[in-house]
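What follows is each chain in one-letter form.
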Amino acid sequence: MAIPSSGTLLQGAVSLLQALLLDRRYFWALAGLALVADAVLTQLVIRFVGFTEIDYETYIEHITLFVKGERDYSQITGPSGPLVYPAGHVWIHWVLRHVTADQTTGAILVRTAQQIYGALYLWTLLVSCQVYQQAGGMPNYVILPLILSKRLHSIFVLRLFNDCWAVAIMMTAIVAYQKRWLKVGTGLYALALSVKMNILLYLPGILVILVQTAGLLAGLGHIALVIGIQGLLALPFLNTHPKEYLSNAFNLSRVFLYKWTVNWRFVPEEVFLSTGFAKCLLALHVFLLLVFGFKWCQPDGGLFPVIRRSLFRPTEGSGVAPMNPDRIATILFTSNLLGIIVARSLHYQFYSWYAQQLPFLVWHTKYPTPVRLVLLLAIEYAWNVFPSTDLSSGILLVCNTAILAG
């Protein structure tokens, strides 16, 4: 039996590597390796990097007050502040309190909580890979940056922020939308929104997809479904203190502290805190949504023809071009990015809102691959500078805008 030469072995290894990185038939082989590698990396982070308490203790304290019978959101508070998240957050952390807090002493079992968030992180990575695979049109290696973010690992397993739950559920909803399981997608969207309000950033894109695929009346039905799920989850609070619940869980006028901003550090503090600045950002958001509304509807003849068809044929989808998985993901990711760019303030945990969408978005620009990689590295750099600086904030804004413009 002939022994393969070293040259033959090398050639085989190169061919295998090329297949893993470029051949769509081997997408899940590469994704599987990435998942295993990241599972090991996540365990190493949990084992050797110290946990930092920021909000998790407060989440659990909120639930302790809830368990004791408090239903007035304005009276539910903890070490780092009051309860300002919708009811889905409460129910998730009600479960987590039973699992990650000692029922006798109340002490938080940090390592148990980290393992749960580690599993949540891997689920988010898995469904992100599924989004990329269903979209197609990109080389397999585009998923590799998904496992390399230092900040994202920190947000999930070293900080235990509730953003992680909203992101995980929303990415699962996007998979459902890609598969055209529209009601499932909207149900999951409603659950994600019940955890954190930033999920509203996806709503314009979701409405475009629903109206074009199912029709105006069906779109209104989906909105009713979202409202119904919010109401059902919030019943204990709406039945007793509805005003306090709505004003705290969905407070659109919150002003964030300047010292925590990642995206507007180069703006003077007095400008950052002013209502004029907030109004300008809101106006810019509306303008960008209009611009991208035209772009999203361009394959179907433009925004106005889509609106006209929706009004005259409300029971039918108003789209003409196929709403394929790639287009669905592009619309939803872009809708999210628009809101992130004009957000009043971004805190470090907010990176999780779009970190696993960035390779997809970058590879949908017309920039050459070296520029795409520089954009990803620059954004990761900006989110890892603590505290933020004028330079890091400027880099973040420029790179996010460059992706949107590309």
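Provided above is the structure to which this section pertains.
A. Representation of the overall build of the protein within the structure. Scanning the protein for helices and strands turns up 19 helices and two strands. Relative to its length of 406 residues, the protein is compact, with a C-alpha radius of gyration of 22 Å against a globular reference of 22 Å. Considering only C-alpha atoms, the protein reaches an extent of 80 × 60 × 45 Å along its principal axes. For the protein, buried positions account for 51% of its 406 residues.

B. Structural view of the nonpolar core. Grouped together as the largest cluster of nonpolar side chains are 123 residues, with contacts concentrated most on Tyr 132, Met 170, Tyr 189, Tyr 354, Ile 379 and Trp 383. Ranked by the residues each element gives to this core, the list is headed by helix α7 (residues 163-178), at 13 residues.

C. View of the packing of helix α9 (residues 203-213) against helix α14 (residues 275-297). At a minimum axis separation of 11 Å, α9 and α14 run at an interaxial angle of 30°. With respect to α14, the axis of α9 lies roughly parallel. Considering only the axes of α9 and α14, their crossing is right-handed. Taking contact as the criterion, the partners of Pro 204, Gly 205, Val 208 and Gln 212 in α9 are, on α14, Leu 289, Trp 296 and Cys 297.

D. Representation of the side chain of Lys 196 within the structure. Take Lys 196: it is sitting in the loop between α8 (182-193) and α9. Residues in contact with Lys 196, not counting those within four places in the same chain, are Tyr 85, Pro 86, Asn 162, Asp 163, Ala 166 and Phe 350.

E. Layout of unusual backbone geometry. Following Phe 386, the chain continues to Pro 387 via a peptide bond in cis, the omega torsion being -10°. Along the chain, Pro 387 falls in the loop between α18 (369-384) and α19 (390-405). One non-glycine residue, Leu 160, adopts positive backbone phi at about 60°. For Leu 160, the position within the fold is in the loop between α6 (150-158) and α7. The phi torsion at Arg 180 lies on the positive side, around 65°, for a residue other than glycine.

F. Region of interest: helix α3 (residues 56-67). Taking 1.5 Å as the rise per residue, α3 with twelve residues should run 16 Å; its terminal C-alpha atoms sit 17 Å apart, in good agreement. Taken together, the buried positions of α3 are Tyr 56, Thr 58, Tyr 59, Ile 60, His 62, Ile 63, Thr 64 and Phe 66. Of the residues one or two after α3, Gly 69 is the one with positive phi, at around 115°.

G. View of the side chain of Asn 400. Along the chain, Asn 400 falls in helix α19. Not counting residues up to four positions away in its chain, the partners in contact with Asn 400 are Leu 337, Ile 340, Ile 341, Tyr 354 and Ile 379.

H. View of the pattern of salt bridges. In this structure the tally under the stated criterion is four salt bridges. Of the charged contacts, one joins Arg 327 and Asp 300 as a salt bridge, the two residues approaching to 2.4 Å between their closest N and O atoms. Of this pair, Arg 327 sits in helix α16 (residues 325-341) while Asp 300 sits in the loop between α14 and α15 (303-312), and the two are 27 residues apart along the sequence. For the pair formed by Arg 327 and Asp 300, the shared burial category is buried. A salt bridge links Glu 316 to Arg 313; the shortest N-O distance between them is 3.6 Å. Overall, the relative accessible area of 40% leaves Glu 316 in the partly exposed class.

I. The arrangement of the packing of aromatic side chains in detail. Tallying each qualifying case throughout the model produces 28 aromatic pairs. Taken together, a centroid distance of 5.4 Å and an interplanar angle of 90° make the contact between Phe 66 and Trp 91 edge-to-face. On the criterion of sequence distance, the pair formed by Phe 66 in helix α3 and Trp 91 in helix α4 (residues 87-100) is long-range, its members being 25 residues apart. Classification of Phe 66 by relative accessible area gives buried; the value is 5%. Given the relative accessible area of 29%, Trp 91 is considered partly exposed. Counting every residue linked through ring pairs, the aromatic cluster contains Phe 66, Tyr 73, Trp 91, Trp 94, Phe 237, Tyr 245 and Phe 250.

Analysis parameters
- Residues numbered from 1 in each chain as written.
- Predicted model: local features only at pLDDT ≥ 70, side-chain atom pairs only at ≥ 80, totals over all residues.
- Heavy atoms only, no water.
- Helix = DSSP H or I, 4+ residues; strand = E, 2+ residues; numbered from the N terminus.
- Rg over C-alpha atoms; globule rule 2.2 N^0.38 Å.
- Buried < 20%, exposed > 50% of the residue type's maximum accessible area, 1.4 Å probe, protein only.
- Core = buried A, V, L, I, M, F, W, Y, C linked by side-chain atoms within 4.5 Å.
- Axes fitted to C-alpha atoms, helices over the stretch in contact; angles between N-to-C directions.
- Parallel < 35°, antiparallel > 145°, perpendicular 65-115°, else oblique.
- Left-handed = near helix turned anticlockwise from the far one by under 90°.
- Contact = heavy atoms within 4.5 Å.
- Expected span 1.5 Å × (residues − 1).
- Salt bridge = Lys/Arg side-chain N within 4 Å of Asp/Glu carboxyl O.
- Phe/Tyr/Trp six-rings, centres within 6.5 Å; stacked < 30°, edge-to-face > 60°.

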